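One-letter residues, chain by chain:
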Amino acid sequence: MIEKLNVVKQRFDEVNDLIIQPDVISDQKRYIELNKEYKDLRALMDERERYLELTNNIEEAKEIIADGSDAEMTEMAKMQLEEAEKEVPKLEEKIRMMLVPKDPDDAKNVVIEIRAGTGGDEASIFAGDLYRMYTKYVESKGWKHNIVDYSEGTSGGFKEMIFEVSGEDVYGTMKFEAGVHRVQRVPQTETQGRVHTSAATVMVLPEAEEFDVEIDPKEVRIDYFCSSGPGGQSVNTTYSAVRLTHEPTGLVAQCQDQKSQHKNKEKAFRVLRSRLYEMELAKKQEADAAKRNSMVSSGDRSAKIRTYNYSQGRVTDHRINLTLYDLSNIINGDIQKILDELRFVENTEKLKENSDIF
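Note that the structure is a prediction, hence the values are computed from the model and not measured. (Residues numbered from 1 in each chain as written. Predicted model: local features only at pLDDT ≥ 70, side-chain atom pairs only at ≥ 80, totals over all residues. Heavy atoms only, no water.)

Structural notes on the sheet that holds strand β11 (residues 322-324)
The line we're drawing: Only when DSSP finds a minimum of two bridges between them are two strands counted as paired. A run of H or I in DSSP becomes a helix once it reaches four residues, and a run of E becomes a strand once it reaches two; helices and strands are each numbered from the N terminus. Axis lines are fitted through C-alpha atoms, for helices just across the contact stretch, and the angle between N-to-C directions can take any value from 0 to 180 degrees. Note on contacts: a residue pair qualifies if any of its non-hydrogen atoms lie within 4.5 Å across the two residues.
Taken in spatial order, the 8 strands make up an open sheet running β2-β3-β1-β5-β4-β9-β10-β11, and their pairing is mixed. A single partner strand is all that each edge strand has here, and the edge strands are β2 (144-152) and β11. Ignoring strand direction, the axes of neighbouring strands in this sheet form an average angle of 15°. In terms of strand pairing, strand β4 (residues 179-185) meets strand β5 (residues 196-206) through 7 bridges, oriented antiparallel. The partner of Gly-179 across the bridge, within β5, is Val-202. Packing against the sheet, helix α10 (residues 336-353) makes contact with β9 (304-309), β10 (314-317) and β11, and its axis sits at approximately 165° to β11.

Have a look at this one:
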């Protein structure tokens, strides 16, 4: 473990020198990448210091116990040894997880798209419930979110909701939410009390920087139109809404949330870049999944990942066979335990792949 951490320290010192070099600072892409790496390595260096401290404590305690000339010191050394030997395995496990190679996309912000699936009005209501669940979770993390575009359901909720989330390691956390979510409950519109199954699809796109995806403006058709929905005269009577069509792929992105045409265009381009980036990422994830039979990131957008059963107060994540009888808290944004379990499984898979780390 110490040998591996010493190699990491060499890289940390190297990155520490690089990020103050003028040629690196002037290269925005490289500077951002090195800053992210520095932050990750800095956290590992803190754990390295703690690990060295514990191993030194163990050596010192063993020497005092072997000497045995001072009964009081020997007793204290035995307590120190016992405490350090308990803590070392936990710290080693934590460091192992931190040494798992990080997905470079994990630090990115995201664009989340929720679309009502099978189930008519009830599916739209459920899509609205998922949007509320995510916004509550986002707020609890201290992240920021803002709406890009939406289409309201006829009986509440949304046929479609697209919103951005920005903060620390957002994609690394939210990527596990991509897939088909099912709800089993008695709909508000059901008169005979029968349980219905409805679905909504969630897509989580890592937000692409301009240097991640280059878009040729000549290949994008731009249409301006009047916004629909709430917003008053200034929104509904001016051509502030923007729709972009990327002609080589047929991808469409639009934004009508802002009163400013310029801001809507800016947001729509962010979504378009993210969709183009995600297309390539999805291909890579499918190839990776085929190679390692991953449980939690198959890249299959049509995969049924989770069921919310209201009559039993149950939420089941089908990828890892996790069932929690805590639906009311989960649907109110308390999804951290599910995300932690999914991340643990993903890291365990990566550890097996990278067994040479240790």
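Some words on the pairing of strand β8 (residues 251-255)
In the sheet, strand β7 (residues 241-246) pairs with β8 via 5 bridges, with the strands oriented antiparallel. What sits directly across from Thr-245, in β8, is Val-252. Following β7, the chain reverses through 4 residues before pairing antiparallel with β8; Gly-250 in that reversal takes a positive phi of roughly 80°.

Details of the sheet that holds β7
Strand-to-strand pairing in sheets goes through backbone hydrogen bonds, with the strands running parallel or antiparallel. Taken in spatial order, the 3 strands line up as β6-β7-β8 in an open sheet, and their pairing is antiparallel. What marks the edges here is a single partner per strand, and that holds for β6 (220-225) and β8. Averaged over all adjacent pairs, the angle separating strand axes in this sheet is 15°, with direction ignored. One ladder, built from 6 bridges, connects β6 with β7; its direction is antiparallel. Bridging across to β7, Asp-223 finds its partner in Arg-243.

Examining helix α3 (residues 28-67)
Here is the rule we go by: One fewer than the residue count of a helix, multiplied by 1.5 Å, yields its expected span.
The end-to-end C-alpha distance of α3, which contains 40 residues, comes to 58 Å, matching closely the 58 Å that a straight helix rising 1.5 Å per residue would cover. Turning to α3, the residues buried within the fold contact α1 (2-18), α2 (22-25) and α4 (71-99). Of the residues one or two after α3, Gly-68 is the one with positive phi, at around 65°.

Details of the environment of Asn-309
So the rule is basically this: Think of it in three bands: with a 1.4 Å probe and only protein chains considered, a residue is buried below 20% of the maximum accessible area for its type, exposed above 50%, and partly exposed in between. Pairs of N or O atoms within 3.5 Å make up the polar contacts considered here, provided that, within protein, one atom can donate a hydrogen while the other can accept it, and that residues adjacent in sequence are counted only when both atoms are side-chain atoms.
In this structure, Asn-309 sits in strand β9. Classification of Asn-309 as buried rests on a relative accessible area of 6%. Between the C-alpha atom of Asn-309 and that of Val-183, which follows or precedes it by 126 residues, the distance is 6.0 Å. The residues touching Asn-309, leaving out its near neighbours within four places in the chain, are Gln-184, Arg-314 and Leu-327. Looking at Asn-309, its side chain comes within polar contact range of the side chain of Ser-311, at 2.9 Å. In this structure the side chain of Asn-309 is engaged in a polar contact, spanning 2.9 Å, whose partner is the backbone nitrogen of Gln-312.

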